[in-house]
Each structure stands twice: as structure tokens, then as C-alpha cells.
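An overview of the molecular structure
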2 protein chains.
Amino acid sequence: MDTYRSIISKRDTRSFSAQPVPEDVLHRILQSARMAGSAKNAQPIRLVALRDSARKAELAACGQFTPHVVSAPLVVALVLVPELGVVGAPFSIFRGPFDAGRAAQNMMLTAWEAGIASCPASMHDAECAGQVLRLPEGHTVANLVAFGYPAGHDANAGTRARMPLEEFVYWEEWDKKTP
Amino acid sequence: MDTYRSIISKRDTRSFSAQPVPEDVLHRILQSARMAGSAKNAQPIRLVALRDSARKAELAACGQFTPHVVSAPLVVALVLVPELGVVGAPFSIFRGPFDAGRAAQNMMLTAWEAGIASCPASMHDAECAGQVLRLPEGHTVANLVAFGYPAGHDANAGTRARMPLEEFVYWEEWDKKTP
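If you're wondering where the values come from, they're calculated on a predicted model, not measured in any experiment. (Residues numbered from 1 in each chain as written. Chains lettered and ligands numbered in written order. Predicted model: local features only at pLDDT ≥ 70, side-chain atom pairs only at ≥ 80, totals over all residues. Heavy atoms only, no water.)

Topic: the overall build of chain A
The line we're drawing: By the criteria applied, helices consist of DSSP H or I runs no shorter than four residues and strands consist of E runs no shorter than two, each listed in order from the N terminus. Any two residues whose heavy atoms approach within 4.5 Å at even a single point are treated as in contact. Only the protein chains shown count as cover for residues, and the accessible areas themselves come from Shrake-Rupley with a 1.4 Å probe.
Helix and strand counts for chain A come out as seven helices and five strands. Listed by position from the N terminus, the elements making up chain A come as α-α-β-α-α-β-α-β-α-β-α-β. Taking contacts inside chain A between residues at least 6 apart in sequence as the whole, the part at least 24 apart equals 81%. Summed over its atoms, the accessible surface of chain A is roughly 7,000 Å², and 53% of this surface lies on carbon and sulfur atoms.

Take a look at the structure:
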């Protein structure tokens, strides 16, 4: 699938079949995160890939709106390494999560091209998530991404409305609606 | 270009020719950000697209490592709307920037497929950036992305090393190196 087509057709999906993610697709998903750029190439992220049901259930209990984390055959946690951009100067609170978002989107698009749906999940109790994953002091789960083949025939067809482009984009400064 | 090929070949590039980004590609870049998913479909981001040289120079002065923001024919600022996920509960500091990273990566991949390089830039002085863009109270620039055709014949060929996959990915828990 060409890149732009993947990007505009991709929908976050929370309903998965039990069919596992094939090993070759899993490899491409992980490589896609690895190759994502990061500020100063600091590579502030590590992944923890999960397929064990008990571990997924433990992790799901650390967030809200996480039933799809339990049912997904593959869950990937994006972990922020603290000295590489999470804490410090005010601007840097953006940096690690922004780079995590870049890596997550890469993974989700590669999966989507292979017919595999996905949806992120926030860990509302970050300490809980850190304990489940046995993270070292200061390391934090930025987000999970759940992956799986969509359940049902029309799961891909579900759309969630986006605001019109004219409201989404300003030109040169805030609220200026024409170039 | 197929999606995975775009993703693994994409390199952040800070050196651009003066050739403008064509209108049709610009449109696809902006649509790519608009269609990015966000937590609860909150759509916490707005874009400000900049092509005016003076404005780009003003904005570049709000960050470090920003000469590419001045030379890029197109700069897009990703603005976080405060009530939609920037501030509040501790976990939500991740949410807006994470969603901004997803939208930014979509834009950069669409550009890359069209032969256009890109690189983010942090705004180290967020207040300065807010003033240049005339942002309302509480709105924040998460990041800029600079776009342009790569300067020189081998600009696309430049690679920055990534850590090996075996160091980047753990399985089921931190530091467990095999599935």
C-alpha cells in the first residue's frame, strides 16, 4: 500500500481477533519503531513486546479504557529512558513523548499495511505499569500500542470524524485562515 | 513508495534547497496530520503552516539548533490546545505530545514519499514561540517540523546509526532479551 494511502486510511481499532501477528510482520513493526528519528538521535525509547496473556492483563489493570490490551495478541510498551529526554528543562517534557509518538505511528502504519489494526492505550497509573514491566527507577511507560487483526467484517470501515481541514490549519499565525 | 519502505528509509534532514513544496504535496502533508489518531479522538492539535521568511526567522530564534527552520521552504508548527490533553493529571503530560508525534510522523512520511525531506525542531523558549505565532493563553508549540527538498545529491543517503534491534526491544519485561 502506498504511504499516503496507508496514512489517511488508518483508523485506531480496539476490537481484535485472536489470530496472532505473524513473525515477519512483528519484525517489521519493531524495526519501524527502531528507525524512527528522535531529537539529536538520542533514541530515548525502548520497547517491551508482550504476548503473554497474564502479563497483558496485569498491564491493562494499570490504565482505563484498556480491554483491547487484554484481547490484543500483541502489545508493545514504549518506555522512556529518563536521562534521554523525559525530565529536565520544561521543553523536554515534550521531547520523549513526541519521539514515542513518532515511533508508535511508524509501528501502526507498518501493521496497517499488513492488514493489522492497532490502538494506543494510556497508562493512567504509571507506577503500576513500571512494576508490571520491572522497569528501572525513573523509566516510564509513555504509552502502549495494542495490535491485532480486526474482529468482524467491517472493523476497518469504522471512522471517527475529524474536524475540517479549514479549522485544523492556520497560516502564518493563529486564527489566520487563508495562506 | 510502499509504507514500510518509506518508514525504514526516512532520515531526518536539516539541509534544504529553496525549491518550494508543491501545493498538492502541501495539501497531502496537512491532511496526513489531520487524519492521525488521538486519545479519545480529542484532536488536541492544531497546525500553523509557515512560508513567510521573516516569520520563520522569528520562530527559529525561539529555539536552538534551528538554522534549518530558516532555510526550509515550509515549516509547520504543531500547537497543543490546553484543555485537550496537555496539562492536568500526571499521565496527560504524555498525551498531547504523543499525539503530536503521531501527526508529525504522518506528515514527514507523506513528504518523504514525495521526495521531500524534513526534520523536527524543539522550541526551547515556548513563550517566545507562542508570541511569534500569536497563540492564545495556555496554547503551546509542541514542536515544529521543517520541510524541503534535500540540498545536494547525497542528502538522502546520510544515515544516523540506530542501536541494534536486540538492545532496543525487550520481551515481556525489562531486560529480558528473548521472547
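Focus on the sheet that holds strand 5 (residues 169–171) of chain B
Using the following cut-off: Each pair of strands is called paired provided DSSP finds at least two bridges between the two strands. For helices, the fitted axis covers only the stretch in contact; all axes are lines through C-alpha atoms, and the angles between them, taken along N-to-C directions, range from 0 to 180 degrees.
In space, the five strands of this open sheet follow the order 3(A)-4(A)-2(A)-1(A)-5(B), with mixed pairing throughout. Single-partner strands in this sheet number two, and they are strand 3 (117–121) of chain A together with strand 5 of chain B. Ignoring strand direction, the axes of neighbouring strands in this sheet form an average angle of 25°. Across six bridges, the pairing between strand 1 (residues 45–50) of chain A and strand 2 (residues 74–80) of chain A is antiparallel. From the neighbouring strand, Leu47 of chain A faces strand 2 of chain A, where its bridge partner is Leu78 of chain A. Against the sheet, helix 2 (residues 23–34) of chain A engages strand 1, strand 2 and strand 4 (140–148) of chain A together with strand 5 of chain B, with an angle of about 135° to strand 5 of chain B.

Quick word on the packing of aromatic side chains
How we decide: Side-chain rings of Phe, Tyr and Trp (the six-membered ring for Trp) are treated as a pair once their centres are within 6.5 Å; stacked means planes under 30 degrees apart, edge-to-face means over 60, and tilted covers the remaining angles. The rule for a charge over a ring is simple: NZ of Lys or CZ of Arg within 6 Å of the ring centre, and within 35 degrees of the ring normal.
Enumeration over the complete set of coordinates arrives at two aromatic pairs over all chains. Here Arg28 of chain A stacks its cationic end above the ring of Tyr4 of chain B, 5.8 Å away from the centre of that ring.

Some remarks on the side chain of Ser38 of chain B
Its place among the elements puts Ser38 of chain B in the loop between helix 2 (23–34) and strand 1 (45–50). Those residues within four positions of Ser38 of chain B in sequence are excluded, and the remaining contacts are Asp12 of chain A together with Gln43, Pro44, Asp99 and Arg102 of chain B.

Examining the interface of chain B and chain A
Basically, it comes down to this: Take the accessible area each of two parts loses on contact, using a 1.4 Å probe, and add the two losses: that sum is the buried area. Think of a salt bridge as a Lys or Arg side-chain nitrogen and an Asp or Glu carboxyl oxygen that are within 4 Å of each other. The definition of a polar contact used here is a pair of N or O atoms within 3.5 Å, where within protein one atom must be able to donate a hydrogen and the other to accept one, and adjacent residues in sequence count solely through side-chain atom pairs. The residue classification treats Ala, Val, Leu, Ile, Met, Phe, Trp, Tyr, Cys and Pro as nonpolar and Asp, Glu, Lys and Arg as charged. All others, Gly included, are polar.
Opposite the 82 residues of chain B that make contact, chain A presents 82 residues. Between chain B and chain A, roughly 7,600 Å² of surface is buried when both sides are summed, and carbon and sulfur atoms account for 60% of that area. Linking chain B with chain A are six salt bridges, by the criterion used here. One salt bridge connects Arg55 of chain A with Glu173 of chain B, and the closest N-O pair in it is separated by 2.8 Å. Linking chain B with chain A are 44 residue pairs in polar contact (both at pLDDT 80 or more). Of all the elements in the fold, those that place two or more residues in the side of chain B that touches chain A are helix 1 (3–9), helix 2, strand 1, strand 2 (74–80), helix 5 (92–113), strand 4 (140–148), helix 7 (165–168) and strand 5 of chain B. Broken down by element, the residue count for the side of chain B that touches chain A peaks at 14 residues, all from helix 5 of chain B. Considering only residue class, the side of chain B that touches chain A consists of 44 nonpolar, 18 polar and 20 charged. One ladder, built from three bridges, connects strand 1 of chain A with strand 5 of chain B; its direction is parallel. Pairing of Ala49 of chain A across the sheet is with Trp171 of chain B, part of strand 5 of chain B.

With respect to the relation of the copies chain B and chain A
Short version of the rule: Superposition of the copies used a least-squares fit over C-alpha atoms from residues whose pLDDT is at least 70 in both.
Structural alignment of chain B on chain A gives an RMSD of 0.0 Å, achieved by rotating through 180° and translating 0.0 Å along the axis. Expressed as an axis order, the relation between the two copies is that of a two-fold axis.

Description of helix 3 (residues 53–60) of chain A
Side chains that are three or four residues apart share a direction in an α-helix, a result of its 3.6 residues per turn. Residues and elements named next belong to chain A. Convention followed: For every residue, the accessible area (1.4 Å probe, protein chains only) is compared with the maximum for its type, and the residue is labelled buried under 20%, exposed over 50%, or partly exposed between those bounds. The directions from the helix axis to the C-beta atoms form the arc being described.
When helix 3 is considered as a whole, its buried residues turn out to be Arg55, Lys56, Leu59 and Ala60. Each buried residue of helix 3 lies within a common arc of 135° when the element is viewed along its axis, so the set occupies one face. On its buried side, helix 3 packs onto strand 1, helix 4 (67–71), strand 2, helix 6 (126–132) and strand 4. You can read the cap of helix 3 off the contacts: a side-chain oxygen lies 3.3 Å from the backbone nitrogen of Ala54, and it is on Asp52.

Side note on unusual backbone geometry
Residue and element names in this part refer to chain A. One non-glycine residue, Gln43, adopts positive backbone phi at about 50°. Position of Gln43 relative to the elements: it lies in the loop between helix 2 and strand 1. According to the relative accessible area criterion, Gln43 is buried, its value standing at 17%. Positive phi, close to 70°, is recorded for Glu172, a residue that is not glycine. Tracing the backbone through its elements, the reader meets Glu172 in the segment after strand 5 (169–171).

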